[in-house]
Amino acid sequence: MKEDNLSTFRPEGGGDRKLYWKGDKLRVDAALAKNLFEETCETILKHVSGVFEEEEGTGTSIILMVGGFSESPMLRHAVKERFGRTRRIIIPEEAGLSVLKGAVLFGFDSKLISRRVMKHTYGIQTSRQFRKGLDPDATKTMIKGRLYCEDRFSKHTGKGQSVTVDEETDPIEYNPLDDRQKMVMKVYITDKCDPEYCDADLCSYIGKMLVSLPMDVPMCERGVTVRMKFGGTELSVRATVMATKQMTHAEFNLLE
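Per an unreviewed UniProt entry, the recorded name for the protein is Heat shock 70 kDa protein, and the organism is Mizuhopecten yessoensis.

Chemist: Hey, could you go over the overall build of the protein for me, with residue numbers and the actual values?
Modeler: Along the protein, the regular secondary structure elements total 3 helices and 16 strands. Its C-alpha atoms give the protein a radius of gyration of 26 Å, clearly above 18 Å, the size a compact globule of 256 residues would have. With the principal axes as the frame, the protein shows a C-alpha extent of 85 × 45 × 35 Å. Sorting the 256 residues of the protein into buried and exposed places 30% on the buried side. Here the analysis covers contacts within the protein between residues at least 6 apart in sequence; of these, 63% occur between residues at least 24 apart. Total accessible area computed for the protein in this model is approximately 17100 Å², and 50% of it derives from carbon and sulfur atoms.

Chemist: Describe the sheet that holds strand 16 (residues 250-253), and please don't skip the residues or the numbers.
Modeler: Across the sheet, 6 strands lie side by side as 7-8-6-11-12-16; this open sheet has antiparallel pairing. The sheet is open, and its two borders are formed by strand 7 (140-143) and strand 16, each paired with just one other strand. Strand-to-strand twist across the sheet, computed as the mean angle between neighbouring axes with direction ignored, equals 40°. Bridge count between strand 6 (residues 121-129) and strand 8 (residues 146-157): 7 bridges; the pairing is antiparallel. Bridge assignment links G123 to a residue of strand 8, and that residue is K155.

Chemist: Report on the sheet that holds strand 14 (residues 236-241), specifying residues and quantitative values.
Modeler: One open sheet accounts for 4 strands, arranged 10-13-14-15; its pairing is antiparallel. Of all the strands in the sheet, the pair left with one neighbour each is strand 10 (172-174) and strand 15 (247-248). Looking at chain direction, strand 10 and strand 13 (residues 224-229) are connected through 3 bridges and run antiparallel. In the strand pairing of strand 13, I172 is matched with V226.

Chemist: Explain the pairing of strand 6 to me, using residue names and the numbers behind them.
Modeler: By the bridge criterion, 4 bridges tie strand 6 to strand 11 (residues 182-190) in an arrangement that is antiparallel. The partner of Y122 across the bridge, within strand 11, is I189.

Chemist: Explain the packing of helix 1 (residues 30-53) against helix 2 (residues 73-83) residue by residue, including any values.
Modeler: Across the interface, helix 1 lies against helix 2 with an axial gap of 10 Å and an inter-helix angle of 40°. By the angle class used here, helix 1 and helix 2 are oblique. Between helix 1 and helix 2 lies a crossing of right-handed hand. On helix 2, the residues touching K34, F37, C41, E42, I44, L45, V48, S49 and F52 of helix 1 are M74, L75, A78, V79, R82 and F83. Here the residues of the contact of helix 1 with helix 2 are counted per class, giving 11 nonpolar, 1 polar and 3 charged.

Chemist: Report on the pattern of salt bridges, specifying residues and quantitative values.
Modeler: Evaluated as defined, the whole model comprises 9 salt bridges. The residue K25 makes a salt bridge to D24 at a minimum N-O spacing of 3.5 Å. You can call K25 partly exposed: its relative accessible area is 47%. The salt bridge partner of D178 is R180, with a shortest N-O separation of 2.6 Å. Judged by its relative accessible area of 29%, D178 is partly exposed. Here the residues in one salt-bridge network are R131, D135, R152 and E196, joined through shared partners.

About the cut-offs
Per chain, residue numbering runs from 1 following the sequence as it is written. Owing to the predicted nature of the model, reporting of local features is limited to residues with pLDDT of at least 70; listing and counting of side-chain atom pairs is limited to 80 or more, with chain, interface and lining totals taken over all residues. The basis for every side-chain value is the complete set of non-hydrogen atoms in the structure, without hydrogens or water. Going along the chain from the N terminus, every DSSP run of H or I of four or more residues is numbered as a helix, and every run of E of two or more is numbered as a strand. Every radius of gyration here is taken over C-alpha atoms, with the globule rule written as 2.2 Å times N^0.38, N being the number of residues. Relative accessible area decides the class of each residue, using a 1.4 Å probe on protein chains only: under 20% of the type maximum gives buried, over 50% gives exposed, and in between gives partly exposed. Contact criterion: two residues are considered in contact whenever any of their non-hydrogen atoms come within 4.5 Å of each other. Shrake-Rupley sampling with a 1.4 Å probe provides the accessible areas, and residues are treated as covered by the protein chains on show and by no other component. Two strands form a pair only when DSSP identifies at least two bridges running between them. Angular values range over 0 to 180 degrees, each being the angle between N-to-C directions of two axes fitted as lines to C-alpha atoms, with helices fitted over their stretch in contact. The cut-offs work like this: below 35 degrees is roughly parallel, past 145 is roughly antiparallel, 65 to 115 is roughly perpendicular, and the gaps in between are oblique. A clockwise turn of the near helix away from the far one marks a right-handed crossing, whereas an anticlockwise turn of less than a right angle marks a left-handed crossing. Side-chain classes follow a simple rule in which Ala, Val, Leu, Ile, Met, Phe, Trp, Tyr, Cys and Pro form the nonpolar group, Asp, Glu, Lys and Arg form the charged group, and the remainder, Gly included, forms the polar group. Any Lys or Arg side-chain nitrogen located within 4 Å of an Asp or Glu carboxyl oxygen qualifies as a salt bridge.

Below is the structure:
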C-alpha cells in the first residue's frame, strides 16, 4: 500500500473484511494484526535460542523480559510457548520502565553491572609483513623497501566475549613504520569473530586511536603495547612504550 491512497484502498478478493474502512477509521481483523508481529517474534526467539547455545548462555534457567516490547501479549505468549517448559519466565510490572529504572540506579552505583557481553568484535587496522599467496595483492604496499599488507585486522576483543568492569584486553604490540610523533590507527568493529582484514563489506569504521610516541629514543625503540578497556560505559585505551615500560598518552577519537 506504499504511496497508495488509503481512502480508495480495497482488499484483494472484494468480500474480504479483514481490512476495511468504517467511517474515518481503518478496521483490521485481529488475526491479521497478530500476523504482522509473527516475523518479529520469531526473529527474537531465534536470537534468544542462539544465545542459549553460546558458551556464556549455557545453563541459563531464567529469562527476564524488560523493555517496551516485553509488554506485548503476543511476544509474551511466544516466549512462554518456546521456553516456558525449560526456563522460568519473569516479566516485572511496568516492564517498559525497567530499562530506564536500571539506568538511573546504574548512574548512582556503576558497580551494579559487573560484567558485559561484547556486541561486536573490536580491532585496529594495521600493517603487517605481506604474506605472498595469503594476503590479497590489493592490500600490498611498499614501505622502506619491505612489502606490507596494510589492511590486517588486529583483534582486541571478540563478539560474545564476556568482560568485567575495568578489565583490560591482553596487550598487543604496534611499531611505527616511519619517523613520526604520533601513531594514528583506525578502529573497526565487525560481527565476525576472527576477521583477517578490515573488509569494507564486513567491517565498520568507527574512529581513530591516537598514540603519542617518545621522540627521545631511536625509532626502533618506539614500539608500544596497547590495551583496551570495554567493561565500563566508555571505551578507553592504555599504551606503554615497550623499551622504557613508561605509559604514553593514548586516546580515542570516535566523533568523526
